[in-house]
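# Survey of secondary and tertiary structure
Residue strings, one per chain:
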Amino acid sequence: MKTTLTVAAAAALFRLSAAAHTPFAQLDLDGSGGLSFPEIVVVMPDLTEEEFNTADTNADTELSPEEASALVNSRQ
């Protein structure tokens with residue numbers, strides 16, 4: 001059980017690291033200037049829509065660079 005938790009924790013840290021180090025423009029596949037839920041779950045697959053909506057402080061259905069950065073920082 002302890003090994004399973006360690007592997008899960010390592011995987012979670014890797015995903016956060018990937019999210020923190022992937023250039024925003026690379027994730028913004030449609031070039032809209034913001035990240036939609038489908039775009040950000042590529043590097044944060046365990047992100048829920050509820051978490052996404054909470055991070056989307058202006059409720060425009062996309063995360064700005066500032067909103068995405070705050071989300072990543074809140075999960076570290």
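These lines cover the structure that appears in this document, whether it is placed above or below.

Reading guide: rules and limits
- Residues numbered from 1 in each chain as written.
- Predicted model: local features only at pLDDT ≥ 70, side-chain atom pairs only at ≥ 80, totals over all residues.
- Heavy atoms only, no water.
- Helix = DSSP H or I, 4+ residues; strand = E, 2+ residues; numbered from the N terminus.
- Buried < 20%, exposed > 50% of the residue type's maximum accessible area, 1.4 Å probe, protein only.
- Salt bridge = Lys/Arg side-chain N within 4 Å of Asp/Glu carboxyl O.
- Contact = heavy atoms within 4.5 Å.
- Phe/Tyr/Trp six-rings, centres within 6.5 Å; stacked < 30°, edge-to-face > 60°.
- Core = buried A, V, L, I, M, F, W, Y, C linked by side-chain atoms within 4.5 Å.

The backbone of alanine 59 shows a phi angle near 55°, a positive value even though the residue is not glycine. Within the secondary structure, alanine 59 sits in the loop between helix 4 (49-55) and helix 5 (65-74). With a phi close to 70°, threonine 61 is a non-glycine residue in the positive phi region. Looking at the secondary structure, you find threonine 61 in the loop between helix 4 and helix 5. A relative accessible area of 58% means that threonine 61 is categorised as exposed.

Our focus in this paragraph is the pattern of salt bridges. Within this structure, the stated rule accounts for 2 salt bridges. Between arginine 75 and aspartate 46 there is a salt bridge, with its nearest N and O atoms 3.4 Å apart. Taken as a pair, arginine 75 in the segment after helix 5 and aspartate 46 in the loop between helix 3 (37-40) and helix 4 lie far apart in primary sequence, 29 residues in all. Using a relative accessible area of 22% as the deciding quantity, one classes arginine 75 as partly exposed. Its salt-bridge partner being arginine 75, residue glutamate 51 comes within 3.4 Å of it at the nearest N-O pair. Taken together, the positions of glutamate 51 in helix 4 and arginine 75 in the segment after helix 5 put the pair 24 residues apart, joining distant regions of the chain. In this structure glutamate 51 comes out as partly exposed when scored by relative accessible area, which is 30%.

This part covers the environment of phenylalanine 52. Tracing the backbone shows phenylalanine 52 in helix 4. Note: C-alpha distance between phenylalanine 52 and phenylalanine 37 (15 residues apart in sequence) is 6.8 Å. Those residues in contact with phenylalanine 52 that lie beyond four places of it in its chain are Leu35, Ser36, Phe37, Ile40, Leu47, Thr61, Glu62 and Leu63.

What follows deals with the packing of aromatic side chains. Considering all chains together, one arrives at 1 aromatic pair under this definition. Their ring planes at 80° and their centres at 5.6 Å tell us that phenylalanine 37 and phenylalanine 52 sit as a pair that is edge-to-face. Here phenylalanine 37 is found in helix 3, whereas its partner phenylalanine 52 is found in helix 4, with 15 residues between them in sequence. Residue class for phenylalanine 52 comes out buried when judged on its relative accessible area of 4%.

Attention now moves to the nonpolar core. Side chains of a nonpolar character, in soluble globular proteins, are inclined to be buried together. Counting residues in each nonpolar core, the largest one holds 12 residues, listed as Leu27, Leu35, Ile40, Val43, Met44, Leu47, Phe52, Ala55, Leu63, Ala68, Leu71 and Val72. Those elements giving two or more residues to this core turn out to be helix 4 and helix 5. Here this core takes 3 residues from helix 5, the largest share from any one element.

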